[in-house]
Amino acid sequence: MPFTANRQFKALPRLLVSAEGMHYTSHDGRRILDGIAGLWAVNAGHCRKPIVEAIQKQAERLDYATGFQMHSAGPFIAADKLVRIAPQGLDHVFFVNSGSEAVDTALKIALGYHRARGEGTRRVLIGRERGYHGVGFGGISVGGMGSNRKTFAGQLLPAVDHLPHTHSLEKNAHSRGQPQWGAELADDLERLIQLHDASNVAAVIVEPIAGSTGVLIPPKGYLERLRQICDRHGVLLVFDEVITGFGRTGSAFAAHTFGVTPDMITCAKALTNAAVPMGAVIVKRKIYDAFMQGPEDAIELYHGYTYSGHPLAAAAAAATLDLYEQERLFQRAAELAPYLEDAVHSLEGLPRVIDIRNFGLVAAIELEPIAGKTTTRAFEAFLRCYEKNVLVRTTGDTIALSPPLIIEKSQIDQLVETVGDVLKTLP
Ligand SMILES: Cc1ncc(COP(=O)(O)O)c(C=O)c1O
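Residues numbered from 1 in each chain as written. Predicted model: local features only at pLDDT ≥ 70, side-chain atom pairs only at ≥ 80, totals over all residues. Heavy atoms only, no water.

A. Local environment of the sheet that holds strand E2 (residues 23-26). Strand order in the open sheet formed by four strands is E1-E2-E3-E13, with mixed pairing between adjacent strands. A single partner strand is all that each edge strand has here, and the edge strands are strand E1 (16-20) and strand E13 (390-391). Of the strand pairs in this sheet, strand E3 (residues 31-34) and E13 are connected by two bridges, and their pairing is parallel. Bridging across to E13, Leu 33 finds its partner in Val 390. (Pairing = 2+ DSSP bridges. Helix = DSSP H or I, 4+ residues; strand = E, 2+ residues; numbered from the N terminus.)

B. Inspection of the packing of helix H4 (residues 74-85) against helix H13 (residues 311-326) at higher detail. Between H4 and H13, the least distance of the axes is 8 Å, while the angle of their chain directions is 30°. Here H4 and H13 pass one another in a crossing that is left-handed. Counting all contacts with H4, which are made through Gly 74, Pro 75, Ala 78, Lys 81, Leu 82 and Ile 85, the residues of H13 involved are Ala 314, Ala 317, Ala 318, Leu 321 and Asp 322. When its residues are assigned to classes, the contact of H4 with H13 shows eight nonpolar, one polar and two charged. (Axes fitted to C-alpha atoms, helices over the stretch in contact; angles between N-to-C directions. Left-handed = near helix turned anticlockwise from the far one by under 90°. Contact = heavy atoms within 4.5 Å. Nonpolar A, V, L, I, M, F, W, Y, C, P; charged D, E, K, R; others polar.)

C. Fine view of the site of the ligand. Around the ligand, the neighbouring residues are Ser 98, Gly 99, Ser 100, Tyr 132, His 133, Gly 134, Glu 207, Ser 212, Asp 240, Val 242, Ile 243 and Lys 269. Taking Gly 99, its main chain carries an N or O atom lying 2.8 Å from an oxygen atom of the ligand. Contact distances for the ligand include 2.5 Å between an oxygen atom and a side-chain N or O atom of Ser 100. Burial of the ligand by the surrounding chains reaches 84%, relative to a free accessible area of 390 Å². Taken together, the residues that form the shell around the ligand break down as three nonpolar, six polar and three charged. (Near = heavy atom within 4 Å. Polar contact = N/O pair within 3.5 Å; in protein donor to acceptor, adjacent residues only side chain to side chain. Areas by Shrake-Rupley, 256 points an atom, 1.4 Å probe, with all protein chains shown as cover.)

D. Just empty space enclosed by the protein, in detail. A complete count under the given rule lists two cavities of 30 Å³ or more for this structure. Within this model, the largest cavity holds a volume of roughly 110 Å³. His 167, Asn 172, Pro 179, Ile 217 and Arg 357 are, among the 13 residues lining the largest cavity, the residues nearest its centre. Taken as a whole, the second largest cavity encloses approximately 30 Å³ of empty space. Every residue lining the second largest cavity is listed: Gly 131, Tyr 132, Gly 134, Gly 139, Ile 140, Gly 143, Gly 144, Met 145, Asn 148 and Arg 149. Of all the secondary-structure elements, those providing two or more residues to the lining of the second largest cavity are helix H6 (137-142) and helix H7 (146-149). In terms of residue class, the lining of the second largest cavity is made up of three nonpolar, six polar and one charged. (1 Å grid on protein atoms, 1.4 Å probe; cavity = no way out; pocket = protein on both sides within 12 Å on 5 of 7 lines; lining within 4 Å. Points joined across faces, edges and corners; volume = space filled by probe spheres on them.)

See the structure below:
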């Protein structure tokens, strides 16, 4: 099982049998409030009819078509819809099947882009400590999670460096929204570019909000500064929006919310409301154009997957993007954000809580770790919330909340009250 204590789980399984809207039904017949949109993914709520029907219809009409030298219409329709909500200038899409594939694809596109322009020495990729970019060799190399890297040490991509992470309990604990301190941490990018020389640096990849390592909100001015430094040195900026995309921050992408436009966006998860696996890399036109050279019968990018632009995924994506628009769900997230902020910060002062942070429809409660047993306390909180019919997610010693954007205020109350009740009982 993925990222799971297999033996512990099999001794006491937690199985879900159905879902609808804001709720799962568990194997023992309980209705579980989904406080994490599946896994930062089911932004429109579960088993939404228009998406289900689009997938059903597509499965009957055309189950599969290769994207190698031919295709079906679905992926082009989905790409058009995706580009319409992407930041201006990002107007070409490469479809993949997951966030991990999106990241590895973006890194390869970055190298190919520079090479196509005659700057093939630009090979260095810069990620960030505490970054999560999936589990491909590219993703774990630019990623900054020790536990995901240690087993593979020595076999990661060679030309990689890392920015420092932006999380500081000392300076920013209990911030509402973007923390005040930390824009200057972006200046380390200037240092790394000097170290490697700009002529060797291809791209920088960051999550606008780091999710899997505990919901790390970018300090005010930080992303802007990364953009300026990349521009100064001809380095591509990639935003990994696998969790921040599709309304999580109150706009289509975090790039909109923070007012910083990257050169590429990686996305997945809520692209199809997680109903069919799909990811995408959205690129600026200059990147697409750089590849469109040479003989017209030559393949421009030697990369792709059997399931790139799979018809079922494309149908799910098109229906999902329509639903987001019809129900104005990104706007709804922006409107609900202050309510979630107030609710979650009402937990300040409860035992073991060392930080509470939030942005858009994401919130995190960081707990003091048990000495020598990091993650144990938060995992216990997860188990106790689940017993109380609420699904939360834990990363390290942080409880993360990222509900579907259709959540009602009364359900935010239930979610936060349950977490509060559990915090009062934790060891
Ligand atoms: C920012 C980010 N990038 C990449 C991934 C990997 O996505 P997947 O699990 O679909 O491969 C994730 C997954 O949570 C993520 O949060």
